[in-house]
Amino acid sequence: MDSQNPSAQAPTASRDEAKNHPSRGTSAGVVHENAPHATHFTVVGNHLAQHEELSLTAIGLATHIQSLPAGSPVDIRSLARRFPEGTTRIAAALRELEAHGYLRRTRQRTAAGHVVTRTVSCNRPLGRTGGGNTRRPKPEPEPPPRRRGTQEPPQRRREVQAPPQHQREAQEPAPRRPERREPRRPAALPAVPQPAYATPDQVQTAIGILSGLRRTDTRLLISATDAEHLAPGVVTWLERDVTPDCIHRALTTLLPAEPLRRPAALLAHRLTAQLPPLPPFLPPRPTAPHPLQNCDTCDRAYRGPEPGTCGSCAAVAR
């Protein structure tokens, strides 16, 4: 009888593919490992997660917006600071969500007079259900054209019946909402020279010069906001010993003949391009010496503004 070796390694059991394979009964696709959530979760419908027309950026952005609490900022700049996508891709994704009804953006004026954008997030737009997306039926391919003189075989002839009314309504795509384009904001005015120190009197004088330009040419009528922007440039001219009349002539002469679309931009350009140089430095003039006077006490000569006693006699008298 042969002896057994107790330290020998046991042979590896053969693997039955039908019983032990981890992918038994599954395809090569994704395998879900789901764990229930009790807190900090958001319910998202398959009509959004599996949308056939929205881009991946728009779907992810809609999911993020729906997970935020009410009152959170969802403007383009705030989202660009939060995600690595730039403002262009985020703006395009917001327009997609707005076109499909997942966002509504309206402009409202507050009690203080400011215009703000109100954003409303819809987790289930009209015409969407909680289930997956219903795919549109693919159109049947058209038959090839027949030659003249040939007749279609009888076995291929069939009557095309119109689908029922409820099927036609389900197949017709929902009309898209037109995209709302925000009005273009006017470009910012060009920068103007800044003074070293602007006193309130100089600023008031500068605004007076700007408001008086319309008396010479009515096209130079500007708003109070534009005048506040241009005032530092006019104060810089005043610091360089330029009189208000010279500033008025520099801003109103040789104007173009065509209408001015933005007179404030033209004035800002002239204040910068025609800025005069700094005035030359003039040293203070020396004062003339006092004339010679004779002291009334010692009869010595001394310099002074008026006749009297010299400094020595004045000190003795004290």
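Residues numbered from 1 in each chain as written. Predicted model: local features only at pLDDT ≥ 70, side-chain atom pairs only at ≥ 80, totals over all residues. Heavy atoms only, no water.

Trainee: Now, about the overall build of the chain: what can you tell me, with residues and values included?
Mentor: Secondary structure assignment for the chain yields 12 helices and 4 strands. Residue burial in the chain is summarised as follows: out of 318 residues, 22% are buried. Surface summary for the chain: the accessible area is close to 26000 Å², and the carbon and sulfur share equals 52%. (Helix = DSSP H or I, 4+ residues; strand = E, 2+ residues; numbered from the N terminus. Buried < 20%, exposed > 50% of the residue type's maximum accessible area, 1.4 Å probe, protein only. Areas by Shrake-Rupley, 256 points an atom, 1.4 Å probe, with all protein chains shown as cover.)

Trainee: I'd love a proper account of the pairing of strand S2 (residues 115–121), names of residues and values included.
Mentor: Across 7 bridges, strand S1 (residues 103–109) lies against S2 in antiparallel orientation. Residue pairing across strands places Thr106 opposite Arg118, the latter belonging to S2. Adjacent in sequence and paired antiparallel, S1 and S2 are bridged by 5 residues, among which Gly113 carries a positive phi angle near 95 degrees. (Pairing = 2+ DSSP bridges.)

Trainee: Residue-level account of the packing of helix H9 (residues 224–239) against helix H10 (residues 244–252), with values.
Mentor: Between H9 and H10, the shortest axis-to-axis distance is 10 Å and the interhelical angle comes to 130 degrees. Between H9 and H10, the angle falls in the class oblique. Remark: the crossing between H9 and H10 carries right-handed chirality. Packed against H9, whose contacting residues are Val234, Trp237 and Leu238, the element H10 presents Pro244, Ile247 and Ala250 at the interface. The residue inventory of the contact of H9 with H10, partitioned by class, reads 6 nonpolar, no polar and no charged. (Axes fitted to C-alpha atoms, helices over the stretch in contact; angles between N-to-C directions. Parallel < 35°, antiparallel > 145°, perpendicular 65-115°, else oblique. Left-handed = near helix turned anticlockwise from the far one by under 90°. Contact = heavy atoms within 4.5 Å. Nonpolar A, V, L, I, M, F, W, Y, C, P; charged D, E, K, R; others polar.)

Trainee: Could you give me a rundown of the packing of aromatic side chains, with the residues and numbers involved?
Mentor: Scanning all chains against the criterion turns up 0 aromatic pairs. Between Arg82 and the ring centre of Phe83, over which it is positioned, the NZ or CZ distance is 4.6 Å. (Phe/Tyr/Trp six-rings, centres within 6.5 Å; stacked < 30°, edge-to-face > 60°. Lys NZ or Arg CZ within 6 Å of the ring centre and 35° of its normal.)

Trainee: Explain helix H11 (residues 263–273) to me, using residue names and the numbers behind them.
Mentor: Within the sequence span of H11, burial applies to Pro263, Ala264, Leu266, Leu267, Ala268, Arg270 and Leu271. Summarising the contacts, the buried residues of H11 are in contact with helix H8 (213–216), H9 and H10.

Trainee: Tell me about the environment of Gly208, residues and numbers included.
Mentor: Position of Gly208 among the secondary structure elements: in helix H7 (residues 200–211). Taking the relative accessible area as the measure of exposure, Gly208 reaches 38% and is therefore partly exposed. As a C-alpha pair, Gly208 and Pro244 span 36 residues in sequence and 9.4 Å in three-dimensional space.

Trainee: So, unusual backbone geometry: which residues are in play, and what are the values?
Mentor: A positive phi angle is found at Asp241, which is not glycine, with a value near 60 degrees. Relative to the elements of secondary structure, Asp241 occurs in the loop between H9 and H10. Despite not being glycine, Leu254 has its phi angle at roughly 55 degrees, a positive value. Examined against the element boundaries, Leu254 turns out to sit in the loop between H10 and H11.

Trainee: Provide a residue-level description of the state of the cysteines, including the pertinent values.
Mentor: Taken as a whole and judged by the stated rule, the model has 0 disulfides. There is no disulfide at Cys313, and the cysteine sulfur nearest it, in Cys310, is 3.5 Å away. For Cys313, a relative accessible area of 16% corresponds to the buried category. (Disulfide = S-S within 2.5 Å.)

Trainee: How would you summarise the nonpolar core if you had to cite specific residues and measurements?
Mentor: Counting residues in hydrophobic clusters, the biggest one holds 25 residues, and the most contacted among them are Leu210, Ile222, Leu230, Val234, Ile247, Leu251 and Leu267. Going through the elements one at a time, H7, H9, H10 and H11 are the ones with two or more residues in this core. Residue contributions to this core peak at 7 residues, all from H9. In this structure Leu251 touches Leu210, Leu213, Leu220, Leu267, Arg270 and Leu271, once residues within four positions along its chain are discounted. Counting residues in each nonpolar core, the second largest holds 15 residues, with Ala58, Ile59, Ala62 and Leu103 among its members. (Core = buried A, V, L, I, M, F, W, Y, C linked by side-chain atoms within 4.5 Å.)

Trainee: Now, about H7: what can you tell me, with residues and values included?
Mentor: Taking 1.5 Å per residue, 12 residues should reach 16 Å; H7 reaches 17 Å between its end C-alpha atoms and fits that length. Those residues of H7 that fall on the buried side of the exposure criterion are Ala206, Ile209 and Leu210. Taken around the axis of H7, the buried residues stretch over an arc of 95 degrees, which confines them to a single face. More than 90 degrees from the buried face of H7, the exposed residues found are Pro200, Asp201 and Gln204. Looking at the buried positions of H7, the neighbouring elements they touch are H8, H9 and H10. (Expected span 1.5 Å × (residues − 1). Arc of directions from axis to C-beta.)

Trainee: How would you sum up the packing of helix H3 (residues 56–67) against helix H5 (residues 87–99)? Please name residues and give values.
Mentor: Contact geometry for H3 and H5: axes closest at 9 Å, N-to-C directions at 80 degrees. When the axis of H3 is compared with that of H5, the two are roughly perpendicular. Two secondary-structure elements touch here, H3 through Thr57, Ala58, Leu61, Ala62 and Ile65 and H5 through Arg89, Ile90, Ala93, Leu94, Glu96 and Leu97. Looking at the contact of H3 with H5 residue by residue, the classes come out as 8 nonpolar, 1 polar and 2 charged.

Trainee: Can you explain the side chain of Arg105? Please cite residues and give values.
Mentor: Tracing the sequence through the fold places Arg105 in strand S1. The exposure class of Arg105 is buried, given its relative accessible area of 18%. Separated by 2.9 Å, the side chains of Arg105 and Glu98 make a polar contact. (Polar contact = N/O pair within 3.5 Å; in protein donor to acceptor, adjacent residues only side chain to side chain.)

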